[in-house]
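Structure assessment
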Amino acid sequence: MSVWALGLNHTTAPLDLRGRFAFALDQLPPTLQSLRKSYGSTPHPQGHPEIEAAIISTCNRTEIYCAADRMALEHTVDWLAESGGVAPSLLRSHAYTLHDQEVARHAFRVASGLDSMVLGEAQILGQMKDAVRAAETAGALGSTLNQLFQRSFAVAKEVRTATEIGAHSISMAAASVRLASQLFEDLKQTRVLFVGAGEMIDLAVTHFAAKEPKSITIANRTLERGEKLASRFGGEAMRLADLPGRMAEFDIVVSCTASTLPLIGLGAVERALKVRKHRPMFMVDLAVPRDIEPEVKALEDVYLYTVDDLAQVVQQGQASRQAAVAEAEVIIDAGVQSFMHWLDQRGTVPLIQQLNAQAEDWRAAELARARKLLAKGEPVDAVLEAMARGLTQKMLHGALAELHAGDAQARQQTAQTVSRLFLRKER
């Protein structure tokens, strides 16, 4: 069984390129079905997929994990390039490809927060679990990838329990608050707008609410969901369609939605600035693809930050956690070795199944023969003796035939193997 992965992240690809390969959670099942169909994958009679696949897509990374009898890495590259509308050569120049042991090590490091922009952050673990559930829903997750991800989760739990890798980590939300505090002398005098109502916005609202701003507003496509989040912080909710007309009310705008196109355009921000008489606006775009048009950053009175812009802020304090990283890598090494041992053993599964099937055929044949003899009135002891002898002969026939075949060297090797298999002493 081969395992491979293809990915691009915040260290290998710019934001706009990553945006081409971003998949919302509800897009993962149909996307996985499309990917597997491109391989010509069909389920085995036992229900296991020929090609196992899972996709992890966050604001910082998109990664495809696959497992099959034969590796098809180049096909994976071509499929992803086509899905993002770019040339395969461009994708390869910004992507990383992994196989077998490298895949396990990478998955374990990602789950443990060692490969994140925010070292030790825990959000990625939940995102990986969501991705696994989506793969299960799509029927794309077989025993190999299931083992890979379940072991990833176990390793991540051990890393967080046994090390200080998550201590003092600075999240994107916390970094946003820190930057906003540098622009506004007192955040209690600011009005804050959050666009979206997902997990990242939930985290951002929590951080900003701790600074007790003058008002908190949630703009969301689904008003009910926005109201639910706003009610937890004493805020108000509004429809996304009302955003252009109310933009000028807010000093701080934090956006993170699953929209494939920008929701906040240059014109809307320019009009808001005129109404505000050019009082500054602090804007954070945590979405991939972008929620805010990049041209907004050029406006004189706007301070716009994307997820990539926040990288330098969240990197602060990483040096103090390098000892924890070393401890985490030891745990990951042990997890990789364990997974590879399991994967190697999987190679013998077909042979084991064949041996069990052959033994079952022998058992059924001798049992049927014994029943016929008993029906004819043969003594029970004689029938049992014949059944035991028949099973013994069937089990030894192949080994005995090999011992009498071939040249002297071949017979010697066969003798050693047969001795090891059949003459083991019970301990």
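These numbers were taken from a predicted model, which means no experiment stands behind them. (Residues numbered from 1 in each chain as written. Predicted model: local features only at pLDDT ≥ 70, side-chain atom pairs only at ≥ 80, totals over all residues. Heavy atoms only, no water.)

With that settled, the discussion passes to the overall build of the protein. Scanning the protein for helices and strands turns up 17 helices and 10 strands. In summary, the protein has a C-alpha radius of gyration of 30 Å against a globular reference of 22 Å for 427 residues, an excess of more than 25%. Principal-axis analysis of the C-alpha atoms places the extent of the protein at approximately 105 × 45 × 45 Å. When the 427 residues of the protein are sorted by exposure, 46% land in the buried category. Carbon together with sulfur atoms contributes 52% to the accessible area of the protein, which is approximately 22200 Å² in total. Charge separation in the protein, taken as the distance between the mean sites of 46 positive and 50 negative side-chain charges, equals 4 Å. (Helix = DSSP H or I, 4+ residues; strand = E, 2+ residues; numbered from the N terminus. Rg over C-alpha atoms; globule rule 2.2 N^0.38 Å. Buried < 20%, exposed > 50% of the residue type's maximum accessible area, 1.4 Å probe, protein only. Areas by Shrake-Rupley, 256 points an atom, 1.4 Å probe, with all protein chains shown as cover. Lys, Arg positive; Asp, Glu negative; His and termini not counted. Charge placed at Lys NZ, Arg CZ, Asp CG, Glu CD.)

The subject of this paragraph is a nonpolar patch on the surface. Together, Met395, Leu396, Leu400, Leu421, Phe422 and Leu423 make up a nonpolar patch on the protein surface, roughly 590 Å² of accessible area in all. At the level of elements, helix H16 (380–403) and helix H17 (408–422) are the ones that each hand at least two residues to the nonpolar patch. Per element, the largest residue contribution to the nonpolar patch is three residues, and it comes from H16. Summarising the element assignment, phenylalanine 422 is placed in helix H17. Here phenylalanine 422 falls in the partly exposed class, since its relative accessible area comes to 42%. (Patch = residues over 30% accessible without salt bridge, like charges linked within 9 Å, V, L, I, M, F, W, Y side chains within 5 Å. Salt bridge = Lys/Arg side-chain N within 4 Å of Asp/Glu carboxyl O.)

On to the environment of valine 336, then. On the secondary structure map, valine 336 appears in helix H14 (residues 322–346). Among residues more than four places away in sequence, those in contact with valine 336 are Gln101, Ala104, Arg105 and Phe108. (Contact = heavy atoms within 4.5 Å.)

With that out of the way, let us pick up the packing of aromatic side chains. Using the criterion set out here, one finds four aromatic pairs in the structure. Between tyrosine 65 and phenylalanine 149, the ring centres sit 5.3 Å apart and the planes meet at 75°, which makes this aromatic pair edge-to-face. Separated by 84 residues along the polypeptide, tyrosine 65 in strand E3 (residues 61–68) and phenylalanine 149 in helix H7 (residues 143–162) bring together distant segments of the chain. Since its relative accessible area comes to 0%, tyrosine 65 is described here as buried. The exposure class of phenylalanine 149 is buried, given its relative accessible area of 1%. One Lys or Arg, lysine 129, reaches over the ring of phenylalanine 153 and ends 5.6 Å from the middle of that ring. (Phe/Tyr/Trp six-rings, centres within 6.5 Å; stacked < 30°, edge-to-face > 60°. Lys NZ or Arg CZ within 6 Å of the ring centre and 35° of its normal.)

Bringing the pairing of strand E2 (residues 52–57) into the picture now. Buried residues dominate E2, accounting for six of its six residues. Because side chains alternate across E2, one face comprises the buried residues Glu52, Ala54 and Ile56, and the other comprises Ala53, Ile55 and Ser57, equally buried. As paired elements, E2 and E3 share six bridges and run antiparallel to each other. What sits directly across from alanine 54, in E3, is tyrosine 65. Counted between consecutive antiparallel strands, the loop separating E2 from E3 contains three residues. (Pairing = 2+ DSSP bridges.)

Residues of the protein with pLDDT of at least 70 account for 95%, and the chain-wide mean is 89. When mean pLDDT is compared element by element in the protein, strand E8 (residues 252–255) scores highest at 98, while helix H13 (residues 311–315) scores lowest at 73. Segment residues 42–48 is flagged for pLDDT under 50; beyond a separation of four residues in sequence, or across chains, it makes six contacts in the model. (pLDDT = per-residue confidence, 0-100.)

Right, let's talk about the side chain of histidine 10 for a bit. Mapped onto the elements, histidine 10 comes out in the loop between strand E1 (2–9) and helix H1 (15–20). For histidine 10, a relative accessible area of 18% gives the class buried.

Attention shifts here to the sheet that holds strand E7 (residues 236–239). Ordered by their spatial adjacency, six strands build an open sheet running E7-E6-E5-E8-E9-E10, and the pairing between neighbours is parallel. In this open sheet, the two edge strands, each paired with only one partner strand, are E7 and strand E10 (302–306). Along the sheet, successive strands turn relative to each other by an average axial angle of 20°, direction set aside. Here strand E9 (residues 281–285) pairs with E10 via five bridges, running parallel. Within E10, the residue paired with valine 284 across the bridge is tyrosine 305. (Axes fitted to C-alpha atoms, helices over the stretch in contact; angles between N-to-C directions.)

A few words on the sheet that holds E2. The strands making up a sheet are joined through hydrogen bonds of the backbone, oriented either antiparallel or parallel. Sheet architecture is open: four strands sit in the order E2-E3-E1-E4, paired in antiparallel fashion. Whereas interior strands pair on both sides, the edge strands pair on one side only; in this sheet they are E2 and strand E4 (96–99). Taken over all neighbouring pairs, the strand axes of this sheet differ in orientation by 15° on average, direction set aside. As judged from the eight bridges shared by E1 and E3, these two strands associate in the antiparallel manner. The residue of E3 that forms the bridge with leucine 6 is isoleucine 64. Packed onto the sheet, helix H3 (residues 73–84) meets E1, E2, E3 and E4 and runs at close to 30° relative to E1.

To continue, consider the pattern of salt bridges. Applying the stated criterion across every chain, the model contains 21 salt bridges. Within this structure, Arg61, Glu63, Arg109, Asp115 and Glu329 form a network of salt bridges that share partners.

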